Amino acid sequence: MLPRGRPRALGAAALLLLLLLIGFLLFRGDLDYERPRPRGTAAFDGDPPADPGGRNGSDCTPPRPRPPKCELLQVAIVCAGHNSSRDVITLVKSMLFYRKNPLHLHLVTDAVARNILETLFHTWMVPAVRISFYNADELKPQVSWIPNKHYSGLYGLMKLVLPSALPPDLARVIVLDTDVTFASNIAELWALFAHFSDKQVIGLVENQSDWYLGNLWRNHRPWPALGRGFNTGVILLRLDRLRRAGWEQMWKLTATRELLTLPATSLADQDIFNAIIKEHPWLVRPLPCVWNVQLSDHTLAERCYSEASDLKVNGAGGPSGGDGPRMGTPAPCSHPPRRCPPWSQVIHWNSPKKLRVKNKHVESFRNLYLTFLEYDGNLLRRELFGCPRPPPPGAEQLQRALAQLDEEDACFEFRRQQLTVHRVHITFLPHKPPPPQPHDVTLVAQLSMDRLQMLEALCRHWPGPMSLALYLTDAEAQQFLRFVETSVVLSARQDVAYHVVYREGPLYPINQLRNVALAQALTPYVFLSDIDFLPAYSLYDYLRASIKQLELGSGRKAALVVPAFETLHYRFSFPSSKAELLALLDAGSLHTFRYHEWPRGHAPTDYARWREAQAPYHVQWAADYEPYVVVPRDCPRYDPRFVGFGWNKVAHVVELDAQPRQRLSACPTPPGIRAAGAARGLHHPPAARPKPGHLPLPLQPHLS
């Protein structure tokens, strides 16, 4: 008879041996997996033959490499115009959310995109992100000779010239289209450079459609490609090797030869890249398809992920927390199973329809995109721990100033708000400024989300250019975009420039908003107004004529005061002449502006004199005067220390009046009228005005 504890000991020993055996088998499998494949195989180097299914991609890839610690990652993007600039911001948000490395963004832009993105990144102040700009107009002559039918135009060909356009000491770069969204850390994509052979210079994902097979319709003649070809929405470029290989001569000779028999490129630079790879297949390193999941109408991208039941964001990830969303799982490998990437890493909206593309799984991908579209960019101003980098310009001084604030100070919230650097996205929507005119006037105003309903009425009343600053969250900015696109009145106006200042902090930065709108005005004169103030229909033409008549452009300085009135009626027929306005005033349907709340604010306008005036007359400044004025564009800026409401415009008028040779002159006709109910919360009666202790300090306005 065995001792009582012996069976247990034997059982435990047997279990241990079993676990060791399983571990040995698994370890051996890992060794086989980690062992490099023989040279010449498609997954690593050499000439990559198409697999039996006619595919170029490496469905089963080497193990996911470990992202390099703190290495500076280089990313190049071509961007032109207002809409493309918005796309870049969403792309950058997705990169910043997952990244753990410092980034250097190389942006090839036109003048419009540079103006937008330079202002945005300067005010965004994201740590460990460096931005370099390259003038696309200087690169156009290198590609303008190539006929291109793609909607991207000349800009769609500029990736061809990146090896010569980027700094000569830059050896590697990731090149991205503006319509891609990251669902993982970009460092994992960068690490794939380690899998390039000595001959490989371009890393690409197989094109996920039958376009290059030439069987989509009768007489369809695509450019030559290896199998299904490759998509250039995501590219890994070994710039040093391309330069040594004579890349510029190579692509120009290839394009010239193919254009002898083909009328134009259909897919811009992608056609030329594929023609080169067809002739020199050893140059390409096929990348796993998950690094460019292409969502076109006839996409074959489903090979990269399973059915819709697996297309869901990890509940613990994404912008709400965790390591971020991981999209789906891959389809079974066509080769003997090794280890395939278990999710989609980069989503590519490569159809002209973008988010409206027809795809049975598009909703899951769209949700990921919309998450970043509306994600609060302020949350991405986080430091990279363990990767010391120089802070953005001005960040150290700002942090020192914030550290010196006393939370017990009664003005703590005001002082902190004054130190807030708001992200600014100028010309958020397409904008075409009018031709320069010597006496033109731009209406300047600011608003928040609850004043959007005033925009259509304002556009009907003011036919001239406008510069409007909007204080919005990232999500509200997208609501505003949809509001404009669905409005017949607003979408028809291309001379209205909308500038989004992203919301941060509890107080309304009213004077900073005014300064943003004022700085972006392009005409010689500006009409400093409020969003709820509707000008007379003829005011725009009258002001231009008055500026010319008074010869303000000849060195004479004057601020034209536009008399202001208000109505308490929600239904109101706007007067078409001064005579009609006087009749409404006498009937009690109209009142001088804020006569019952703050008469001192507009008393110096002298409404009794205005009734009889036929020409502009001089107005004597008095304390608390806050009229609506027309001034030269280079007038003093508003004091940004004023936040919230109260005294902000009063201080500005004091400074205007203090300017040398500056005079206030009232316009005899026509006026502006504040609509009923539109300004609730904007203009305080005396009893509701902030107490002196709540004003930004110092209390006295600055006079230059």
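Cut-offs applied
- Residues numbered from 1 in each chain as written.
- Predicted model: local features only at pLDDT ≥ 70, side-chain atom pairs only at ≥ 80, totals over all residues.
- Heavy atoms only, no water.
- Helix = DSSP H or I, 4+ residues; strand = E, 2+ residues; numbered from the N terminus.
- Buried < 20%, exposed > 50% of the residue type's maximum accessible area, 1.4 Å probe, protein only.
- Axes fitted to C-alpha atoms, helices over the stretch in contact; angles between N-to-C directions.
- Parallel < 35°, antiparallel > 145°, perpendicular 65-115°, else oblique.
- Contact = heavy atoms within 4.5 Å.
- Nonpolar A, V, L, I, M, F, W, Y, C, P; charged D, E, K, R; others polar.
- Salt bridge = Lys/Arg side-chain N within 4 Å of Asp/Glu carboxyl O.
- Arc of directions from axis to C-beta.
- Phe/Tyr/Trp six-rings, centres within 6.5 Å; stacked < 30°, edge-to-face > 60°.
- Lys NZ or Arg CZ within 6 Å of the ring centre and 35° of its normal.
- Disulfide = S-S within 2.5 Å.
- Polar contact = N/O pair within 3.5 Å; in protein donor to acceptor, adjacent residues only side chain to side chain.
- Pairing = 2+ DSSP bridges.
- Expected span 1.5 Å × (residues − 1).

Can you walk me through unusual backbone geometry in this structure?
Across the chain, the bulk of peptide bonds are trans and the bulk of non-glycine residues have phi less than zero. The phi angle at Arg594 is positive, at roughly 60°, despite the residue not being glycine. One can find Arg594 in the loop between strand S19 (591-592) and helix H19 (607-612). Residue Arg594 is classed as buried on the basis of its relative accessible area, which comes to 2%. At Asp606, a position not held by glycine, the phi torsion is positive, near 60°.

In this structure, what is going on with the packing of helix H2 (residues 81-98) against helix H10 (residues 362-373)? I would like to understand it.
The packing of two helices is summarised by the inter-axis angle and the distance between the axes. Across the interface, H2 lies against H10 with an axial gap of 8 Å and an inter-helix angle of 95°. The angle between H2 and H10 places the two elements in the roughly perpendicular class. Together, Asp87, Thr90, Lys93, Ser94, Phe97 and Tyr98 of H2 and Leu368, Tyr369, Phe372 and Leu373 of H10 make up the contact between the two elements.

Looking at this model, I keep getting lost on the packing of helix H8 (residues 247-258) against helix H9 (residues 269-279). Mind explaining?
The N-to-C vectors of H8 and H9 enclose an angle of 100°; their axes lie 9 Å apart at closest approach. Between H8 and H9, the angle is such that the two are roughly perpendicular. Of the residues in H9, those in contact with Trp247, Met250, Trp251, Thr254, Ala255, Arg257 and Glu258 of H8 are Ile272, Phe273, Ala275, Ile276 and Glu279. Taken together, the residues that form the contact of H8 with H9 break down as eight nonpolar, one polar and three charged.

Help me understand the pattern of salt bridges, please; the structure alone is not making it clear to me.
It is possible for side chains bearing opposite charge to pair when their charged atoms get close. Evaluation of the coordinates by the stated rule reveals 28 salt bridges. Measuring nitrogen to oxygen at the nearest pair gives 2.9 Å for the salt bridge that ties Glu504 to Arg381. Here Glu504, found in the loop between strand S14 (496-502) and helix H16 (510-519), pairs with Arg381, found in the loop between H10 and helix H11 (395-403); they are 123 residues apart in sequence, far enough to count as distant. With a relative accessible area of 26%, Glu504 lands in the partly exposed category. Note that Arg544 and Asp541 form a salt bridge whose closest N and O atoms lie 2.5 Å from each other. In this pair, Arg544 and Asp541 both sit in helix H17 (residues 539-549), three residues apart, roughly one turn of the helix.

Looking at this model, I keep getting lost on helix H18 (residues 578-587). Mind explaining?
The periodicity of an α-helix, 3.6 residues per turn, causes residues three or four places apart in sequence to face the same way. Inspection of H18 places Lys578, Leu581, Leu582 and Leu585 among the buried residues, and these make up the whole buried set. One side of H18 holds all its buried residues, which, seen down the axis, span an arc of 100°. Pointing more than 90 degrees away from the buried face of H18 are the exposed residues Ala579 and Ala587. Where H18 ends, the next residue or the one after it, Gly588, has phi of about 85°, a positive value.

Help me understand the packing of aromatic side chains in this model?
When we look at a pair of aromatic rings, we describe it by the centre distance and by the angle of the planes. Counting across every chain of the model gives 22 aromatic pairs. A ring pair is formed by Trp145 and Trp251, whose centres lie 6.2 Å apart and whose planes are at 15°; its orientation type is stacked. Of this pair, Trp145 sits in the loop between helix H4 (136-143) and helix H5 (162-165) while Trp251 sits in helix H8, placing them 106 residues apart in sequence. Residue classification places Trp251 among the buried residues on the basis of a relative accessible area of 1%. Grouping aromatic residues by their ring pairs yields a cluster made of Trp462, Phe527, Phe533, Tyr540, Phe593 and Tyr628. Across the ring face of Trp124, the terminal group of Arg423 is positioned such that the distance to the ring centre comes to 5.7 Å. Directly above the aromatic system of Tyr502 lies the positively charged group of Arg423, at a separation of 4.0 Å from the ring centroid.

I'm lost on the state of the cysteines in this one. Help?
In this structure the tally under the stated criterion is one disulfide. Covalently, Cys70 is tied to Cys387 through a disulfide, its sulfur atoms 1.9 Å apart. Because the torsion about its S-S bond is -90°, the bridge between Cys70 and Cys387 counts as left-handed. Residue Cys70 is located in the loop between helix H1 (6-34) and strand S1 (73-79), and its partner Cys387 is located in the loop between H10 and H11; the two are separated by 317 residues in the primary sequence. You can call Cys387 buried: its relative accessible area is 5%.

Just to check I follow, could you spell out the environment of Asn378 for this structure?
Here Asn378 is to be found in the loop between H10 and H11. A residue is classified by how much of its surface remains accessible, and Asn378, at 12% relative accessible area, is buried. With 253 residues separating them along the chain, Asn378 and Met125 place their C-alpha atoms 9.3 Å apart. Every residue in contact with Asn378, bar those within four places of it in the chain, is listed here: Arg423, Arg503 and Glu504. Polar contacts involving the side chain of Asn378 include one to the main-chain carbonyl oxygen of Arg503, which spans 3.2 Å.

I keep staring at the sheet that holds strand S9 (residues 293-294) and nothing clicks. Help me out?
Note: strands within a sheet are paired through backbone hydrogen bonds, in either parallel or antiparallel orientation. Read from one edge of the open sheet, three strands run S5-S10-S9, paired in mixed fashion. A strand with exactly one partner marks an edge of an open sheet, and here the two such strands are strand S5 (180-182) and S9. Pairing geometry for S5 and strand S10 (residues 346-348), over three bridges, is antiparallel. If you follow Phe182 over to S10, its bridge partner there is Val346. Its contacts with the sheet put H10 on S5, S9 and S10, and the angle it makes with S5 is roughly 80°.

Explain H10 here, please?
Spanning twelve residues, H10 covers 16 Å between terminal C-alpha atoms, matching the ideal 16 Å at 1.5 Å per step. Buried within H10 are the following residues: Val362, Ser364, Phe365, Arg366, Leu368, Tyr369, Phe372 and Leu373. Looking at the buried residues of H10, the elements they touch are H2, S5, S9, S10 and helix H14 (474-485).

Teacher, can you tell me more about the environment of Arg663 here?
Tracing the backbone shows Arg663 in strand S22 (residues 662-666). Exposure remark for Arg663: the relative accessible area of 40% places this residue in the partly exposed category. Each C-alpha atom of the pair Arg663 and Lys557 lies 6.6 Å from the other, and the pair is 106 residues apart in sequence. Setting aside residues no more than four positions away along its own chain, Arg663 makes contact with Lys557, Ala558, Ala559 and His618.

What am I meant to see in the pairing of strand S6 (residues 202-206) here?
Looking along a regular strand, one sees side chains alternate from face to face of the sheet. Counting buried positions over the five residues of S6 gives five, a clear majority of the element. Relative to strand S7 (residues 230-238), S6 is paired through four bridges, and the arrangement is antiparallel. Residue pairing in the sheet places Ile202 in a bridge with Leu237 of S7. Here four bridges tie S6 to strand S8 (residues 284-287), and the two strands are oriented parallel to one another. Within S8, the residue paired with Ile202 across the bridge is Val284.

What am I meant to see in the sheet that holds S8 here?
Strand order in this open sheet of seven strands is S3-S2-S1-S4-S7-S6-S8, and the pairing throughout is mixed. Each edge of the open sheet is held by one strand with a lone partner, namely strand S3 (129-135) and S8. Going from strand to strand, the sheet's axes swing by 25° on average, the running direction of each strand aside. As paired elements, S1 and strand S2 (residues 103-109) share seven bridges and run parallel to each other. Within S2, the position partnered with Val78 by the bridge is Val108. Along the sheet, H2 contacts S1, S2, S3 and strand S4 (172-176); its crossing angle with S1, the most-contacted strand, is approximately 160°. Each of S6, S7 and S8 is contacted by H9, which is oriented at about 65° to S7, the strand it contacts most.

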